[in-house]
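# Descriptive structure summary
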Amino acid sequence: KRSKMDYRVVSKSGEGINRENYESVNIEIETEVRIDNHGESRDVGGSISWFGSIALIINNISGPGMLSFPSAYAKTNGWYVTIAIYIAACCSAYAGTCVIDAAARVESRHERLEFSAIFGRIFGQKTFVVTQWLYFLNLFSQNVAAIITTAQATDGLIATTIGNSWGYIPFQGIKTWPACTSFEKQTMMCTPFNESQYVLSAGYILCLVTLLPLGLVSLEENMLAQKISFIMLILICLEFMFIEFVPRIYHHHSFITNTMNTNDVRDLAGIVLFNFAFCVTVPSWRNDKAPHIDARKVIWISCLSSATGYAIFGYLGALAFPHASDNILNELTSPRTHSYITRISGGIFAWAIIGLGIPVFAVLMRYNLCHTGVMGSRSASFLAAILPWLISWALYHGHAILALLSWSGLLFDSAIDFLLPAAAALAVGYLSSHSSLIKKPHAAAEHTDPLPASLMSSLYLPISATAFLIISFAVLISIFLQLRHNLTSS
(Lines give C-alpha, C1' and ligand atoms only; values in the text may rest on other atoms or scores of the structure.)
Protein backbone atom coordinates (compact mmCIF):
# COMPACT_ATOMS: atom_id res chain seq x y z
CA LYS A 1 0.00 0.00 0.00
CA ARG A 2 1.13 3.54 -0.58
CA SER A 3 -0.03 6.67 1.15
CA LYS A 4 0.70 10.27 0.17
CA MET A 5 0.38 13.47 2.12
CA ASP A 6 0.47 16.59 -0.07
CA TYR A 7 1.00 20.09 1.20
CA ARG A 8 0.69 22.92 -1.38
CA VAL A 9 3.35 25.61 -1.55
CA VAL A 10 1.93 29.06 -0.94
CA SER A 11 4.24 31.99 -1.58
CA LYS A 12 3.30 35.54 -0.70
CA SER A 13 4.82 36.97 -3.86
CA GLY A 14 4.29 33.98 -6.13
CA GLU A 15 8.06 33.69 -6.48
CA GLY A 16 10.34 30.94 -5.31
CA ILE A 17 10.35 30.15 -1.63
CA ASN A 18 13.07 31.54 0.55
CA ARG A 19 13.48 32.14 4.24
CA GLU A 20 11.54 35.44 4.12
CA ASN A 21 8.56 34.81 1.83
CA TYR A 22 6.68 31.69 2.72
CA GLU A 23 3.54 30.78 4.60
CA SER A 24 3.78 27.01 4.35
CA VAL A 25 5.96 24.40 2.79
CA ASN A 26 5.00 21.92 0.10
CA ILE A 27 6.04 18.44 1.10
CA GLU A 28 5.11 15.18 -0.54
CA ILE A 29 5.77 12.14 1.59
CA GLU A 30 5.63 8.67 0.18
CA THR A 31 5.53 5.96 2.76
CA GLU A 32 5.86 2.33 1.79
CA VAL A 33 3.97 0.04 4.13
CA ARG A 34 3.58 -3.69 4.19
CA ILE A 35 1.12 -6.06 5.76
CA ASP A 36 2.61 -8.42 8.29
CA ASN A 37 1.32 -11.85 9.27
CA HIS A 38 -1.16 -10.35 11.71
CA GLY A 39 -2.76 -8.14 9.08
CA GLU A 40 -1.17 -4.95 10.38
CA SER A 41 0.71 -2.50 8.18
CA ARG A 42 4.28 -1.55 9.01
CA ASP A 43 6.83 0.76 7.42
CA VAL A 44 9.38 -0.84 5.11
CA GLY A 45 12.80 -1.07 6.69
CA GLY A 46 12.61 -3.13 9.85
CA SER A 47 13.61 -2.31 13.38
CA ILE A 48 16.32 -4.90 14.11
CA SER A 49 19.22 -2.94 15.62
CA TRP A 50 22.98 -3.43 15.52
CA PHE A 51 22.93 -5.43 18.74
CA GLY A 52 19.95 -7.48 17.60
CA SER A 53 21.60 -8.18 14.25
CA ILE A 54 24.86 -9.33 15.86
CA ALA A 55 22.92 -11.46 18.35
CA LEU A 56 20.81 -13.10 15.65
CA ILE A 57 23.74 -14.00 13.39
CA ILE A 58 25.99 -15.25 16.21
CA ASN A 59 23.13 -17.28 17.67
CA ASN A 60 22.64 -18.95 14.29
CA ILE A 61 26.36 -19.65 14.00
CA SER A 62 26.72 -20.94 17.56
CA GLY A 63 24.94 -24.02 18.75
CA PRO A 64 25.58 -27.67 19.54
CA GLY A 65 28.47 -27.79 17.06
CA MET A 66 30.67 -25.62 19.28
CA LEU A 67 30.62 -28.37 21.91
CA SER A 68 32.85 -30.54 19.71
CA PHE A 69 35.76 -28.10 19.56
CA PRO A 70 37.44 -29.17 22.84
CA SER A 71 37.62 -32.70 21.42
CA ALA A 72 39.03 -31.35 18.13
CA TYR A 73 41.76 -29.43 19.98
CA ALA A 74 42.53 -32.50 22.10
CA LYS A 75 42.97 -34.71 19.03
CA THR A 76 44.74 -32.29 16.68
CA ASN A 77 47.44 -29.66 16.78
CA GLY A 78 45.86 -26.46 18.06
CA TRP A 79 47.26 -24.35 15.23
CA TYR A 80 45.60 -26.58 12.63
CA VAL A 81 42.23 -26.26 14.34
CA THR A 82 42.51 -22.49 14.77
CA ILE A 83 43.51 -21.91 11.14
CA ALA A 84 40.66 -24.14 9.95
CA ILE A 85 38.18 -22.21 12.11
CA TYR A 86 39.17 -18.83 10.66
CA ILE A 87 39.19 -20.14 7.08
CA ALA A 88 35.67 -21.50 7.59
CA ALA A 89 34.58 -18.19 9.11
CA CYS A 90 35.85 -16.26 6.08
CA CYS A 91 34.18 -18.65 3.62
CA SER A 92 30.90 -18.38 5.50
CA ALA A 93 31.07 -14.59 5.77
CA TYR A 94 31.76 -14.33 2.04
CA ALA A 95 28.80 -16.61 1.29
CA GLY A 96 26.52 -14.51 3.50
CA THR A 97 27.50 -11.24 1.86
CA CYS A 98 27.05 -12.88 -1.56
CA VAL A 99 23.40 -13.53 -0.68
CA ILE A 100 22.90 -9.89 0.31
CA ASP A 101 24.66 -8.61 -2.80
CA ALA A 102 22.57 -10.87 -5.05
CA ALA A 103 19.34 -9.72 -3.39
CA ALA A 104 20.30 -6.05 -3.77
CA ARG A 105 21.03 -6.52 -7.46
CA VAL A 106 17.81 -8.30 -8.46
CA GLU A 107 15.20 -6.64 -6.26
CA SER A 108 12.90 -3.78 -7.16
CA ARG A 109 12.64 -0.77 -4.88
CA HIS A 110 11.23 -1.68 -1.44
CA GLU A 111 10.66 -5.28 -2.55
CA ARG A 112 10.85 -8.03 0.05
CA LEU A 113 12.82 -10.98 -1.32
CA GLU A 114 13.10 -14.20 0.65
CA PHE A 115 15.72 -16.88 0.07
CA SER A 116 14.05 -18.83 -2.74
CA ALA A 117 12.87 -15.68 -4.52
CA ILE A 118 16.46 -14.42 -4.82
CA PHE A 119 17.67 -17.55 -6.59
CA GLY A 120 14.48 -17.85 -8.64
CA ARG A 121 15.04 -14.30 -9.90
CA ILE A 122 18.61 -15.18 -10.94
CA PHE A 123 18.31 -18.75 -12.23
CA GLY A 124 14.61 -19.14 -13.11
CA GLN A 125 11.45 -20.89 -11.94
CA LYS A 126 12.92 -24.39 -11.71
CA THR A 127 15.63 -23.19 -9.37
CA PHE A 128 13.00 -21.38 -7.32
CA VAL A 129 11.12 -24.67 -6.80
CA VAL A 130 14.30 -26.60 -5.99
CA THR A 131 15.49 -24.02 -3.46
CA GLN A 132 12.03 -23.97 -1.86
CA TRP A 133 12.28 -27.70 -1.21
CA LEU A 134 15.92 -27.56 -0.11
CA TYR A 135 15.31 -24.61 2.18
CA PHE A 136 12.22 -26.10 3.80
CA LEU A 137 13.63 -29.61 4.24
CA ASN A 138 16.88 -28.22 5.61
CA LEU A 139 15.27 -26.08 8.31
CA PHE A 140 12.49 -28.59 8.99
CA SER A 141 14.93 -31.47 9.62
CA GLN A 142 17.14 -29.27 11.79
CA ASN A 143 14.16 -28.10 13.83
CA VAL A 144 12.86 -31.63 14.45
CA ALA A 145 16.30 -32.72 15.64
CA ALA A 146 16.68 -29.55 17.75
CA ILE A 147 13.28 -30.02 19.41
CA ILE A 148 14.13 -33.60 20.42
CA THR A 149 17.59 -32.62 21.67
CA THR A 150 16.24 -29.66 23.64
CA ALA A 151 13.35 -31.63 25.14
CA GLN A 152 15.67 -34.45 26.27
CA ALA A 153 18.15 -31.96 27.73
CA THR A 154 15.32 -30.15 29.54
CA ASP A 155 14.16 -33.44 31.04
CA GLY A 156 17.74 -34.00 32.18
CA LEU A 157 17.86 -30.51 33.71
CA ILE A 158 14.58 -31.10 35.57
CA ALA A 159 15.82 -34.44 36.90
CA THR A 160 19.19 -32.99 37.92
CA THR A 161 17.56 -30.05 39.69
CA ILE A 162 14.71 -31.70 41.59
CA GLY A 163 15.56 -35.40 41.41
CA ASN A 164 13.08 -36.65 38.79
CA SER A 165 11.33 -35.74 35.58
CA TRP A 166 7.87 -36.91 34.63
CA GLY A 167 6.26 -38.16 31.47
CA TYR A 168 2.92 -39.51 30.30
CA ILE A 169 3.22 -42.84 28.49
CA PRO A 170 0.10 -43.97 26.56
CA PHE A 171 -1.80 -46.81 28.29
CA GLN A 172 0.69 -46.74 31.19
CA GLY A 173 0.01 -43.41 32.82
CA ILE A 174 2.50 -40.99 34.37
CA LYS A 175 6.02 -42.30 34.98
CA THR A 176 9.07 -40.77 36.66
CA TRP A 177 12.63 -40.71 35.35
CA PRO A 178 15.71 -40.06 37.53
CA ALA A 179 18.80 -38.18 36.38
CA CYS A 180 21.40 -40.03 34.30
CA THR A 181 24.25 -41.76 36.06
CA SER A 182 27.85 -40.76 35.37
CA PHE A 183 28.38 -44.00 33.43
CA GLU A 184 25.39 -43.33 31.17
CA LYS A 185 26.65 -39.84 30.34
CA GLN A 186 30.17 -41.02 29.61
CA THR A 187 28.92 -43.83 27.36
CA MET A 188 26.38 -41.45 25.71
CA MET A 189 23.48 -43.74 26.66
CA CYS A 190 21.59 -41.10 28.59
CA THR A 191 18.07 -40.89 27.11
CA PRO A 192 15.08 -39.92 29.25
CA PHE A 193 12.30 -42.52 29.47
CA ASN A 194 14.24 -44.87 27.21
CA GLU A 195 12.00 -47.80 28.12
CA SER A 196 9.06 -46.38 26.15
CA GLN A 197 8.74 -45.53 22.47
CA TYR A 198 6.14 -42.76 22.93
CA VAL A 199 6.20 -40.39 25.87
CA LEU A 200 4.89 -36.89 26.53
CA SER A 201 7.56 -35.70 28.94
CA ALA A 202 7.70 -32.68 31.21
CA GLY A 203 10.71 -31.38 29.28
CA TYR A 204 8.85 -31.63 25.97
CA ILE A 205 5.80 -29.83 27.37
CA LEU A 206 7.95 -27.05 28.87
CA CYS A 207 9.73 -26.53 25.54
CA LEU A 208 6.42 -26.62 23.65
CA VAL A 209 4.82 -23.98 25.87
CA THR A 210 7.79 -21.63 25.84
CA LEU A 211 9.06 -22.01 22.25
CA LEU A 212 6.08 -22.77 19.98
CA PRO A 213 4.39 -19.34 20.38
CA LEU A 214 7.59 -17.60 19.28
CA GLY A 215 7.46 -19.50 15.99
CA LEU A 216 4.07 -17.95 15.18
CA VAL A 217 5.15 -14.30 15.40
CA SER A 218 7.50 -12.21 13.28
CA LEU A 219 11.29 -12.20 13.26
CA GLU A 220 11.34 -8.72 14.77
CA GLU A 221 9.12 -9.93 17.62
CA ASN A 222 11.65 -12.72 18.27
CA MET A 223 14.50 -10.29 18.80
CA LEU A 224 14.03 -9.96 22.57
CA ALA A 225 14.39 -13.74 22.90
CA GLN A 226 17.43 -13.68 20.60
CA LYS A 227 19.10 -10.97 22.68
CA ILE A 228 18.45 -13.00 25.84
CA SER A 229 19.85 -16.10 24.13
CA PHE A 230 22.97 -14.20 23.07
CA ILE A 231 23.58 -12.86 26.58
CA MET A 232 23.04 -16.32 28.08
CA LEU A 233 25.44 -17.82 25.51
CA ILE A 234 28.18 -15.44 26.65
CA LEU A 235 27.45 -15.91 30.37
CA ILE A 236 27.27 -19.71 30.18
CA CYS A 237 30.49 -19.95 28.15
CA LEU A 238 32.24 -17.66 30.62
CA GLU A 239 30.96 -19.80 33.47
CA PHE A 240 32.27 -22.94 31.78
CA MET A 241 35.66 -21.39 31.12
CA PHE A 242 36.37 -19.55 34.39
CA ILE A 243 34.53 -21.77 36.88
CA GLU A 244 35.41 -25.17 35.39
CA PHE A 245 38.12 -24.97 32.72
CA VAL A 246 40.59 -22.51 34.30
CA PRO A 247 40.70 -24.17 37.78
CA ARG A 248 41.35 -27.54 36.13
CA ILE A 249 44.10 -26.07 33.96
CA TYR A 250 45.69 -24.41 36.98
CA HIS A 251 45.51 -27.68 38.91
CA HIS A 252 47.11 -29.77 36.13
CA HIS A 253 49.60 -27.06 35.05
CA SER A 254 49.11 -28.08 31.43
CA PHE A 255 49.09 -25.63 28.53
CA ILE A 256 49.57 -28.06 25.64
CA THR A 257 46.67 -29.45 23.60
CA ASN A 258 46.75 -32.56 21.40
CA THR A 259 47.28 -34.71 24.47
CA MET A 260 46.17 -37.76 22.46
CA ASN A 261 49.10 -37.19 20.05
CA THR A 262 47.02 -38.19 17.05
CA ASN A 263 47.18 -35.09 14.77
CA ASP A 264 44.09 -36.51 13.07
CA VAL A 265 42.91 -33.77 10.72
CA ARG A 266 40.65 -36.02 8.63
CA ASP A 267 37.50 -35.10 10.55
CA LEU A 268 38.48 -31.50 11.14
CA ALA A 269 37.10 -29.90 7.96
CA GLY A 270 33.67 -31.48 8.35
CA ILE A 271 33.41 -30.48 12.01
CA VAL A 272 34.55 -26.90 11.46
CA LEU A 273 32.86 -25.75 8.24
CA PHE A 274 29.29 -26.64 9.14
CA ASN A 275 29.57 -24.77 12.43
CA PHE A 276 29.37 -21.59 10.34
CA ALA A 277 26.21 -22.36 8.37
CA PHE A 278 23.96 -19.31 8.79
CA CYS A 279 23.07 -18.05 5.27
CA VAL A 280 19.49 -19.31 5.66
CA THR A 281 18.90 -16.41 8.04
CA VAL A 282 20.40 -13.65 5.91
CA PRO A 283 17.55 -12.72 3.49
CA SER A 284 14.84 -12.42 6.15
CA TRP A 285 17.17 -10.56 8.50
CA ARG A 286 18.11 -8.19 5.66
CA ASN A 287 14.42 -7.43 5.11
CA ASP A 288 13.76 -6.70 8.79
CA LYS A 289 16.96 -4.93 9.86
CA ALA A 290 17.00 -1.19 10.39
CA PRO A 291 17.94 0.66 7.16
CA HIS A 292 21.14 2.17 8.59
CA ILE A 293 22.64 -1.21 9.53
CA ASP A 294 25.64 -2.17 7.37
CA ALA A 295 24.90 -5.81 6.56
CA ARG A 296 28.42 -6.63 5.43
CA LYS A 297 29.98 -5.37 8.67
CA VAL A 298 27.48 -7.28 10.78
CA ILE A 299 28.24 -10.54 8.98
CA TRP A 300 32.02 -10.21 9.12
CA ILE A 301 32.00 -9.08 12.75
CA SER A 302 29.71 -11.97 13.71
CA CYS A 303 31.75 -14.60 11.87
CA LEU A 304 35.14 -13.46 13.15
CA SER A 305 33.81 -13.02 16.71
CA SER A 306 32.35 -16.53 16.63
CA ALA A 307 35.63 -17.91 15.29
CA THR A 308 37.52 -16.28 18.16
CA GLY A 309 35.03 -17.63 20.68
CA TYR A 310 35.24 -21.12 19.17
CA ALA A 311 39.04 -21.08 19.36
CA ILE A 312 39.20 -19.90 22.99
CA PHE A 313 36.44 -22.27 24.15
CA GLY A 314 37.95 -25.24 22.34
CA TYR A 315 41.52 -24.58 23.51
CA LEU A 316 40.61 -24.13 27.17
CA GLY A 317 38.21 -27.08 27.06
CA ALA A 318 40.94 -29.34 25.67
CA LEU A 319 43.35 -28.24 28.41
CA ALA A 320 40.76 -28.86 31.12
CA PHE A 321 39.54 -32.20 29.70
CA PRO A 322 42.43 -33.77 27.76
CA HIS A 323 40.26 -36.74 26.75
CA ALA A 324 37.09 -34.78 26.04
CA SER A 325 34.26 -36.51 24.20
CA ASP A 326 32.75 -35.10 21.01
CA ASN A 327 30.16 -33.33 23.21
CA ILE A 328 31.82 -31.49 26.08
CA LEU A 329 28.44 -31.25 27.85
CA ASN A 330 28.84 -34.93 28.73
CA GLU A 331 31.74 -33.89 30.98
CA LEU A 332 30.26 -30.59 32.15
CA THR A 333 26.96 -32.12 33.31
CA SER A 334 28.52 -35.16 34.96
CA PRO A 335 29.51 -35.51 38.65
CA ARG A 336 33.15 -35.05 37.52
CA THR A 337 32.65 -31.29 37.46
CA HIS A 338 33.63 -29.18 40.47
CA SER A 339 30.58 -26.94 40.46
CA TYR A 340 26.88 -27.72 40.75
CA ILE A 341 26.27 -24.44 38.90
CA THR A 342 28.23 -25.80 35.93
CA ARG A 343 25.97 -28.86 35.74
CA ILE A 344 22.89 -26.64 35.83
CA SER A 345 24.40 -24.32 33.22
CA GLY A 346 25.02 -27.31 30.97
CA GLY A 347 21.33 -28.15 31.12
CA ILE A 348 20.29 -24.54 30.52
CA PHE A 349 22.61 -24.34 27.49
CA ALA A 350 20.37 -26.63 25.43
CA TRP A 351 17.21 -24.60 26.01
CA ALA A 352 18.79 -21.14 25.83
CA ILE A 353 21.07 -21.72 22.82
CA ILE A 354 19.60 -24.60 20.83
CA GLY A 355 15.98 -24.18 21.89
CA LEU A 356 15.64 -20.46 21.17
CA GLY A 357 16.89 -21.11 17.65
CA ILE A 358 13.84 -23.31 16.92
CA PRO A 359 11.30 -20.46 16.58
CA VAL A 360 13.70 -18.48 14.36
CA PHE A 361 13.86 -21.35 11.87
CA ALA A 362 10.06 -21.68 12.07
CA VAL A 363 9.68 -17.98 11.20
CA LEU A 364 12.16 -18.30 8.31
CA MET A 365 10.31 -21.29 6.86
CA ARG A 366 7.01 -19.45 7.14
CA TYR A 367 8.40 -16.33 5.48
CA ASN A 368 9.88 -18.33 2.61
CA LEU A 369 6.56 -20.08 1.99
CA CYS A 370 4.25 -17.13 2.58
CA HIS A 371 6.06 -14.11 1.13
CA THR A 372 6.95 -15.95 -2.07
CA GLY A 373 3.29 -16.76 -2.74
CA VAL A 374 3.58 -20.54 -2.34
CA MET A 375 0.79 -20.68 0.25
CA GLY A 376 -1.18 -18.60 2.70
CA SER A 377 -0.03 -17.58 6.14
CA ARG A 378 -2.16 -20.16 8.01
CA SER A 379 -0.92 -23.12 5.97
CA ALA A 380 2.65 -21.85 6.17
CA SER A 381 2.36 -21.41 9.95
CA PHE A 382 1.14 -24.97 10.37
CA LEU A 383 3.89 -26.51 8.24
CA ALA A 384 6.68 -24.35 9.65
CA ALA A 385 5.79 -23.90 13.32
CA ILE A 386 3.39 -26.66 14.39
CA LEU A 387 4.18 -29.76 12.30
CA PRO A 388 7.80 -30.09 13.56
CA TRP A 389 6.51 -30.36 17.13
CA LEU A 390 4.01 -33.07 16.18
CA ILE A 391 6.64 -35.12 14.38
CA SER A 392 9.32 -34.63 17.04
CA TRP A 393 6.99 -36.00 19.74
CA ALA A 394 6.61 -39.24 17.79
CA LEU A 395 10.38 -39.46 17.24
CA TYR A 396 11.43 -38.70 20.83
CA HIS A 397 13.36 -42.00 20.96
CA GLY A 398 13.95 -42.45 17.23
CA HIS A 399 17.76 -42.63 17.23
CA ALA A 400 17.94 -43.91 13.65
CA ILE A 401 15.61 -41.15 12.49
CA LEU A 402 17.72 -38.56 14.31
CA ALA A 403 20.81 -39.84 12.51
CA LEU A 404 18.96 -39.58 9.19
CA LEU A 405 17.87 -36.02 10.00
CA SER A 406 21.44 -35.14 10.89
CA TRP A 407 22.74 -36.48 7.59
CA SER A 408 20.02 -34.82 5.53
CA GLY A 409 20.66 -31.53 7.31
CA LEU A 410 24.35 -31.89 6.46
CA LEU A 411 23.64 -32.33 2.74
CA PHE A 412 21.02 -29.57 2.60
CA ASP A 413 23.30 -27.24 4.59
CA SER A 414 26.07 -27.59 2.06
CA ALA A 415 23.82 -26.52 -0.80
CA ILE A 416 21.83 -23.79 0.97
CA ASP A 417 24.54 -22.15 3.05
CA PHE A 418 27.59 -22.39 0.80
CA LEU A 419 27.17 -23.62 -2.77
CA LEU A 420 24.09 -21.60 -3.77
CA PRO A 421 25.39 -18.26 -2.38
CA ALA A 422 28.73 -18.72 -4.14
CA ALA A 423 26.92 -19.68 -7.37
CA ALA A 424 24.69 -16.60 -7.04
CA ALA A 425 27.72 -14.31 -6.80
CA LEU A 426 29.19 -15.92 -9.89
CA ALA A 427 25.90 -15.67 -11.79
CA VAL A 428 25.18 -12.01 -11.01
CA GLY A 429 28.75 -11.15 -11.91
CA TYR A 430 28.22 -12.63 -15.36
CA LEU A 431 24.61 -11.54 -15.90
CA SER A 432 25.25 -7.93 -14.87
CA SER A 433 27.03 -7.50 -18.22
CA HIS A 434 24.42 -9.40 -20.23
CA SER A 435 21.07 -8.59 -18.66
CA SER A 436 19.38 -5.33 -17.76
CA LEU A 437 17.52 -7.10 -14.95
CA ILE A 438 20.72 -7.54 -12.93
CA LYS A 439 22.23 -4.37 -11.51
CA LYS A 440 25.94 -3.81 -11.95
CA PRO A 441 28.28 -3.57 -8.93
CA HIS A 442 27.60 -0.41 -6.90
CA ALA A 443 24.33 0.17 -8.81
CA ALA A 444 22.28 -1.52 -6.13
CA ALA A 445 20.39 0.53 -3.57
CA GLU A 446 22.76 -0.46 -0.77
CA HIS A 447 26.49 -1.10 -0.62
CA THR A 448 26.64 -4.85 -0.06
CA ASP A 449 29.46 -6.08 -2.26
CA PRO A 450 31.15 -9.13 -0.69
CA LEU A 451 34.58 -7.49 -0.90
CA PRO A 452 35.94 -3.90 -0.72
CA ALA A 453 35.04 -1.53 -3.54
CA SER A 454 38.60 -1.29 -4.83
CA LEU A 455 38.52 -4.99 -5.66
CA MET A 456 34.91 -5.22 -6.82
CA SER A 457 35.12 -2.55 -9.53
CA SER A 458 36.74 -4.70 -12.22
CA LEU A 459 37.49 -8.06 -10.61
CA TYR A 460 34.03 -9.10 -9.49
CA LEU A 461 33.64 -11.98 -11.94
CA PRO A 462 37.10 -13.57 -11.56
CA ILE A 463 36.98 -13.20 -7.78
CA SER A 464 33.53 -14.79 -7.68
CA ALA A 465 34.63 -17.66 -9.91
CA THR A 466 37.70 -18.34 -7.76
CA ALA A 467 35.67 -18.15 -4.55
CA PHE A 468 33.06 -20.51 -6.00
CA LEU A 469 35.71 -23.11 -6.83
CA ILE A 470 37.34 -22.82 -3.40
CA ILE A 471 34.06 -23.05 -1.51
CA SER A 472 32.83 -25.95 -3.68
CA PHE A 473 36.04 -27.88 -3.04
CA ALA A 474 35.90 -27.16 0.70
CA VAL A 475 32.24 -28.18 0.92
CA LEU A 476 32.75 -31.46 -0.96
CA ILE A 477 35.73 -32.39 1.21
CA SER A 478 33.80 -31.42 4.35
CA ILE A 479 30.76 -33.50 3.34
CA PHE A 480 32.93 -36.53 2.72
CA LEU A 481 34.82 -36.15 6.00
CA GLN A 482 31.70 -35.41 8.04
CA LEU A 483 29.87 -38.43 6.63
CA ARG A 484 32.92 -40.52 7.38
CA HIS A 485 32.99 -39.13 10.92
CA ASN A 486 29.29 -39.95 11.41
CA LEU A 487 29.74 -43.49 10.10
CA THR A 488 32.74 -44.25 12.30
CA SER A 489 31.01 -42.72 15.35
CA SER A 490 27.92 -44.86 14.85
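Structure shown above.
Residues numbered from 1 in each chain as written. Predicted model: local features only at pLDDT ≥ 70, side-chain atom pairs only at ≥ 80, totals over all residues. Heavy atoms only, no water.

### A short note on the overall build of the chain
When its secondary structure is counted, the chain shows 17 helices and six strands. In the chain, buried positions account for 52% of the 490 residues. Taking the intrachain contacts of the chain between residues at least 6 apart in sequence as the baseline, contacts between residues at least 24 apart amount to 78%. As presented, the chain carries roughly 22,200 Å² of accessible surface, and 65% of it is formed by carbon and sulfur atoms. (Helix = DSSP H or I, 4+ residues; strand = E, 2+ residues; numbered from the N terminus. Buried < 20%, exposed > 50% of the residue type's maximum accessible area, 1.4 Å probe, protein only. Contact = heavy atoms within 4.5 Å. Areas by Shrake-Rupley, 256 points an atom, 1.4 Å probe, with all protein chains shown as cover.)

### Some details on the sheet that holds strand 5 (residues 173-178)
In spatial order, the strands read 5-4-6; together these three strands make up an open sheet with antiparallel pairing. The open sheet terminates on both sides in strands that have one partner only, identified here as strand 5 and strand 6 (200-201). (Pairing = 2+ DSSP bridges.)

### Structural notes on helix 11 (residues 295-320)
Over its 26 residues, helix 11 runs 37 Å from end to end, which matches the ideal 38 Å to within 8%, given 1.5 Å per residue. With a side-chain oxygen positioned 3.1 Å from the backbone nitrogen of Arg 296, the residue opening helix 11 is Asp 294. (Expected span 1.5 Å × (residues − 1). Polar contact = N/O pair within 3.5 Å; in protein donor to acceptor, adjacent residues only side chain to side chain.)

### Considerations on the side chain of Thr 154
Tracing the backbone shows Thr 154 in helix 5 (residues 125-162). Owing to a relative accessible area of 4%, Thr 154 belongs among the buried residues under this scheme. At 2.7 Å, the side chain of Thr 154 forms a polar contact with the backbone oxygen of Thr 150. Residues in contact with Thr 154, not counting those within four places in the same chain, are Gly 203, Leu 206, Cys 207 and Trp 351.

### A short note on the packing of aromatic side chains
Summed over all chains, the structure comprises 10 aromatic pairs. Taking the centre distance of 6.4 Å and the plane angle of 75° together, the rings of Tyr 73 and Tyr 315 count as edge-to-face. Taken as a pair, Tyr 73 in helix 2 (residues 69-75) and Tyr 315 in helix 11 lie far apart in primary sequence, 242 residues in all. Exposure remark for Tyr 73: the relative accessible area of 1% places this residue in the buried category. Taken together, a centroid distance of 4.9 Å and an interplanar angle of 40° make the contact between Phe 115 and Phe 119 tilted. Of this pair, Phe 115 and Phe 119 both sit in helix 4 (residues 115-123), four residues apart, which is roughly one turn of the helix. Every member of this aromatic cluster is reached through a ring pair, and the members are Phe 69, Phe 276 and Tyr 310. A cation over a ring is seen here: Arg 112 above Tyr 367, with NZ or CZ 4.6 Å from the ring centre. (Phe/Tyr/Trp six-rings, centres within 6.5 Å; stacked < 30°, edge-to-face > 60°. Lys NZ or Arg CZ within 6 Å of the ring centre and 35° of its normal.)

### Concerning the pairing of strand 4 (residues 164-169)
The two faces of strand 4 differ: Ser 165, Gly 167 and Ile 169 on one face are buried, but Asn 164, Trp 166 and Tyr 168 on the other face are not. Examined bridge by bridge, strand 4 and strand 5 share six bridges and lie antiparallel to one another. Across the sheet, residue Ser 165 finds its bridge partner in strand 5, namely Trp 177. In this structure, the hairpin formed by strand 4 and strand 5 is closed by a connection of three residues, where Phe 171 is found at a positive phi of approximately 70°.

### Brief notes about a nonpolar patch on the surface
Taken together, the side chains of Phe 51, Ile 231, Ile 234, Leu 235, Leu 238, Phe 242, Ile 243 and Val 246 present a nonpolar region at the surface, about 690 Å² in accessible area. Tallying contributions element by element places helix 8 (residues 223-252) first for the nonpolar patch, with seven residues. Here Ile 243 falls in the partly exposed class, since its relative accessible area comes to 41%. (Patch = residues over 30% accessible without salt bridge, like charges linked within 9 Å, V, L, I, M, F, W, Y side chains within 5 Å. Salt bridge = Lys/Arg side-chain N within 4 Å of Asp/Glu carboxyl O.)

Worth remembering: the numbers are spatial, not functional.
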